[in-house]
Amino acid sequence: MALDCADIRLNGVDYAAHELPVIVFGLKQRLAYVHNAKAACTSALNFLFQTNHGYMYLDPPAIHASKFAFIQLGPDSGPEPVKAFNDLAPETFSFVRDPLQRLISAFISKILTRHDPNYRELRDRVTSLHGIDLSAQADPARSCLAFAKLVAVQEDPKQIDRHFRPQYLNLGFDGRFRVNTILRLEERDAVRDFTAKWIGADKAQWLLAQKFGATPDYAKDDLVSDELVDLVRKVYARDYELFYG
């Protein structure tokens, strides 16, 4: 049974159920991850799994598809995950990433290349209906800029695919939710110290050295242009203000 849109209480705080971000957690450690796509989310999930089990997930890149690794709480959750979350009363954390690098990485892995079969329909739509060249002969910088312009004109940012959606919306930072700990991926020492606190320094160092869900090989700098930088600054202004100000 799905929750209705009435407020629910998480750790003693009222939230609108339909506005919750996606939160995952286990039952052995008081730690929960607030999902933020294309910001080391695969590493974050594997870190969370290890905190609960003491070993790595059997197929680290495939952890997103697991039905059993975590309990998930979000807009469509039933009452059981809410109770489990409240009983656990976990610390929440997430990672954020520089918006320009995140956009370029997501564009390469989800749109420009055929790395992810789940994005076949979106690639078809943007090239067939929106005139974005995704052929082998395309200028990747021009294609990336054209896609960014398409993202920029979306009337409701919450409807943007989670890999391109502003991070503050993924995290519920528009007043919907409060994450206890936000870590910038660029601050490697802080990320290492946080993960080491839960799984130990050696395991943390090994985990952070992995490239789970890495963007396919591509010269990312070739996609950067002054116009793209200016546009990203406008589209993701709130991300820069909240997380990189």
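The structure under discussion appears in the preceding block.
Residues numbered from 1 in each chain as written. Predicted model: local features only at pLDDT ≥ 70, side-chain atom pairs only at ≥ 80, totals over all residues. Heavy atoms only, no water.

What to know about helix α8 (residues 201–209)
Keep this limit in mind: A 1.4 Å probe rolled over the protein chains alone gives each residue an accessible area, and that area as a share of the maximum for its type sets the label: buried under 20%, exposed over 50%, partly exposed in between. Numbering of helices and strands starts at the N terminus; helices are DSSP runs of H or I of at least 4 residues and strands are runs of E of at least 2. What the arc measures is the spread of directions leading from the helix axis to the C-beta atoms. For this analysis, residues touch if any pair of their heavy atoms sits within 4.5 Å.
All of the buried residues along α8 are Ala204, Leu207 and Leu208. Buried residues of α8 fall within an arc of 95° about the axis and therefore sit on the same side. Opposite its buried face, α8 presents the exposed residues Asp202, Gln205 and Ala209, each directed more than 90 degrees away. On its buried face, α8 sits against α1 (41–53) and α7 (188–199).

Some remarks on the layout of surface pockets
The probe, sized like a water molecule, is rolled over the atoms to show the empty space still left. The line we're drawing: Cavity and pocket criteria rest on a 1 Å grid covering protein atoms alone: a 1.4 Å probe that fits but cannot get out defines a cavity, protein on both sides within 12 Å along at least 5 of 7 lines defines an open pocket, and an atom within 4 Å of a point defines a lining residue. Grid points are joined across faces, edges and corners, and a volume is the space filled by probe spheres set on the points. Amino acid classes used here: Ala, Val, Leu, Ile, Met, Phe, Trp, Tyr, Cys and Pro are nonpolar; Asp, Glu, Lys and Arg are charged; the rest, including Gly, are polar.
Of the voids in this model, the second largest pocket is the one considered here, and its volume is about 200 Å³. Taken together, Leu122, Arg125, Val126, His130, Phe147, Leu150, Val151, Gln154, Gln159, Ile160, Asp161 and Phe164 make up the lining of the second largest pocket. For the lining of the second largest pocket, the secondary structure elements donating two or more residues are α4 (120–129) and α5 (140–152). Each residue belonging to the lining of the second largest pocket can be placed in one class, and the counts come to seven nonpolar, three polar and two charged.

So, the nonpolar core
Rules: The criterion is simple. A nonpolar core is a set of buried Ala, Val, Leu, Ile, Met, Phe, Trp, Tyr and Cys residues joined through side-chain atoms within 4.5 Å.
Counting residues in each nonpolar core, the largest one holds 27 residues, and the members touching the most others are Phe107, Ile111, Val126, Phe147, Phe164 and Leu228. Taken together, the elements giving at least two residues each to this core come down to α3 (99–112), α4, α5 and α9 (226–235). A per-element tally of this core places α3 first, with eight residues. Setting aside residues no more than four positions away along its own chain, Phe107 makes contact with Leu112, Leu134, Pro140, Ser143, Cys144, Phe147, Phe164 and Leu223. Counting residues in each nonpolar core, the second largest holds 26 residues, with Leu31, Ala39, Tyr57 and Leu208 among its members.

Describing the pairing of strand β4 (residues 31–34)
The cut-off we apply is this: Pairs of strands are assigned from DSSP output, requiring at least two bridges between the strands.
Burial along β4 is two-sided: Leu31 and Tyr33 and Ala32 and Val34, pointing in opposite directions, are all buried. Here strand β3 (residues 23–25) pairs with β4 via three bridges, running antiparallel. When the bridges of β4 are listed, Val24 appears paired with Tyr33. Linking β3 to β4, which pair antiparallel, is a turn of five residues. Pairing analysis gives three bridges linking β4 to strand β6 (residues 91–96), with the strands arranged parallel. Pairing of Ala32 across the sheet is with Thr92, part of β6.

Points about the sheet that holds strand β5 (residues 71–73)
Sheet strands line up and pair through hydrogen bonds in the backbone, either parallel or antiparallel. As a reminder, the rule being used: Comment: axis = line fitted to C-alpha atoms, over the contacting stretch for helices; angle = value between 0 and 180 degrees taken between N-to-C directions.
With respect to topology, five strands assemble into an open sheet ordered β5-β3-β4-β6-β7, the strand pairing being mixed. Both outer strands of the open sheet, β5 and β7 (181–184), are each paired with one neighbouring strand and no more. With direction set aside, neighbouring strand axes in the sheet form an average angle of 25°. The pairing of β6 with β7 spans four bridges and is parallel. Within β7, the position partnered with Phe95 by the bridge is Leu183. Strands in contact with α1 are β3, β4 and β6; relative to β4, the strand with the most contacts, it is inclined by about 165°. Its contacts with the sheet put helix α2 (residues 79–88) on β3, β4, β5 and β6, and the angle it makes with β5 is roughly 105°.

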